[in-house]
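Residue-level structural notes
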Amino acid sequence: MSGGGSRVVVWQGIAAVATALLVLSHFSPQSQPTAQRPVTAHDGVVDSSSTAAVKTGSTVSEWLNTVGADAAARGRGQAGDSTRLSDEANVRVPRDVTGQALTMAERVRLLELKVGGFMNWAKDPWFGQRTPASSACKVSSDLKEFGCPPGSKCIGLYSHFICLDHLPPPVPYGQKSKLNPECIIYDFGIREQPEFGLVLAENFGCTVHGFDPSPVTKRWLTQNTTALAKRLHELPNYHMHFFGGGGINGEADLGSYDWGQVSILRFPTSWVNCTESRLRYAQNVAQGLTPDPFTYHCKVEGEAHGTVRLPVRTLGSVMKELGHTRIDVLKIDIEGSEYAFLEEALDTSALNEVGQVPLEWHHFSTDPRYGAGSSRAINALSTVLSAVGLEMYWINRFAGWPTNVYEFERRGVIAWYNCASYLRRDWTSKWSA
């Protein structure tokens, strides 16, 4: 698409969002947004034949009401339209923790944060990859010092940093802490490596709930044949649940993935293989020929990507079922489902009483305008997380790292990864210094 065409699409999108906001402002049962300045004829172009023509000196709220009335006059305000505006077949209506829809002003601002963050229509195109100059956390740890045997490297087992400022005082490696049931930990994404939750249960005495729908995890833990699995079974404060985190309560189609895991990522079932054509072209050039590259055709190959339906749950539903109104640490390492899981949790205000969120971002792409590290999806989520009080204080590395798995390259999937940790700015507990 040409540059001019791209700009047209962007402005069409903005116009659509603006139109939706105007109609929504009229039909929403919540209070109208208040505007402080008068609207003048320079504030927008309105069809002069419309009853919504702008009058100099009118307020924004009066203008919105007029626009809504005009929409009704055109036949858009018939019975049932308000129901369509609150339809949640795919896109949720943002709500508070009680289930009530947010006020119109709150919904407009939330939409601004989402759209501005995703479009990089913001101050920092790398917002989701930068930590602030100063952090509210005084002491952070990847927990290796408490769980990794002295002299061992434990590569890949301790990848998430958490802030220790508001957690119970830990005991050294090899010891077990007294139980601290008020400390609640959710550990989403286990596979056969529960070290994160295991340390918090053994060395900090926290109540830990682990979540993973993978058949590999269920088989490993239920067979109970490894020393690690037996340690988990012996802990009274560690509880395992065989479902994953997601944006819905139900089942999700999860496909095979590296490390024997399952992921929401769908691989292409057909792709182009140019290996032979590239080799023949290079050989002809080496022989002094001047081949026409348009006469060389690559192979189109294909292969199915198997999926399995596994149970997933939203954060709010899990907290309600387990009777928790507050979570000290929410670890998320769920192979790509973190996006839908966090989006739903933000739309339902389920993160309001979560102290910190260490997570791994999976197979994200970058904004071609800014390149390495500028991820639209991560910028949007980090923007909204910051707005609700969860500020990123640690990141593994700027821009992350690319996958080195052949299956991704073979199918033409470009995927980047990174780990980050978010801490609530005003979080306190009985153990806070």
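Read on for an overview of the structure. (Residues numbered from 1 in each chain as written. Predicted model: local features only at pLDDT ≥ 70, side-chain atom pairs only at ≥ 80, totals over all residues. Heavy atoms only, no water.)

So, the state of the cysteines
Throughout the structure, instances matching the rule amount to four disulfides. The disulfide partner of Cys 183 is Cys 206, and the S-S distance across this bridge is 2.1 Å. Measuring handedness by torsion sign, the sulfur bridge of Cys 183 and Cys 206 sits at about 75° and is right-handed. Here Cys 183, found in the loop between β2 (162–163) and β3 (184–188), pairs with Cys 206, found in the loop between α6 (195–202) and β4 (207–211); they are 23 residues apart in sequence, far enough to count as distant. Here Cys 183 matches Cys 206 in class, with each residue buried. Residue Cys 274 pairs covalently with Cys 298 via a disulfide, S to S 2.0 Å. The S-S bond linking Cys 274 to Cys 298 shows a torsion near 105°; that makes this disulfide right-handed. Of this pair, Cys 274 sits in the loop between β9 (270–273) and α9 (275–286) while Cys 298 is found in the loop between α9 and β10 (299–302), placing the two residues 24 residues apart along the sequence. Residue class for Cys 274 comes out partly exposed when judged on its relative accessible area of 23%. Should the bonded cysteines of the protein chain be numbered as they appear in the sequence, the pairing reads 1-4, 2-3, 5-6, 7-8. (Disulfide = S-S within 2.5 Å. Helix = DSSP H or I, 4+ residues; strand = E, 2+ residues; numbered from the N terminus. Buried < 20%, exposed > 50% of the residue type's maximum accessible area, 1.4 Å probe, protein only.)

Quick word on the nonpolar core
Tyr 186, Leu 315, Leu 330, Leu 351, Val 357, Trp 361 and Tyr 422 are the most contacted members of the largest nonpolar core, which totals 36 residues. With residues near it in sequence (within four places) discarded, Val 357 still touches Leu 330, Ile 332, Leu 351, Leu 390, Ala 420, Ser 421 and Tyr 422. (Core = buried A, V, L, I, M, F, W, Y, C linked by side-chain atoms within 4.5 Å. Contact = heavy atoms within 4.5 Å.)

A short note on the sheet that holds strand β6 (residues 244–245)
Strand order in this open sheet of four strands is β6-β11-β7-β8, and the pairing throughout is mixed. Edge positions in the open sheet fall to β6 and β8 (262–263), since each of these has one partner strand only. Judged from the two bridges that link them, β6 and strand β11 (residues 307–313) form a sheet pairing that is parallel. Each residue of the ladder has a partner; that of Gly 244, found in β11, is Val 312. (Pairing = 2+ DSSP bridges.)

Quick word on the pairing of strand β12 (residues 327–332)
For β12, the buried fraction is high: six of the six residues fall into the buried class. Where β3 and β12 come together, four bridges link them in parallel fashion. Following the sheet pairing, Phe 188 is matched in β12 by Ile 332. Here three bridges tie β12 to strand β13 (residues 354–364), and the two strands are oriented parallel to one another. For Ile 327, the partnering residue across the bridge sits in β13 and is Val 354. In terms of handedness, the path from β12 via helix α11 (residues 338–347) over to β13 forms a crossover that is right-handed. (Right-handed = clockwise from strand over helix to strand, strands pointing away.)

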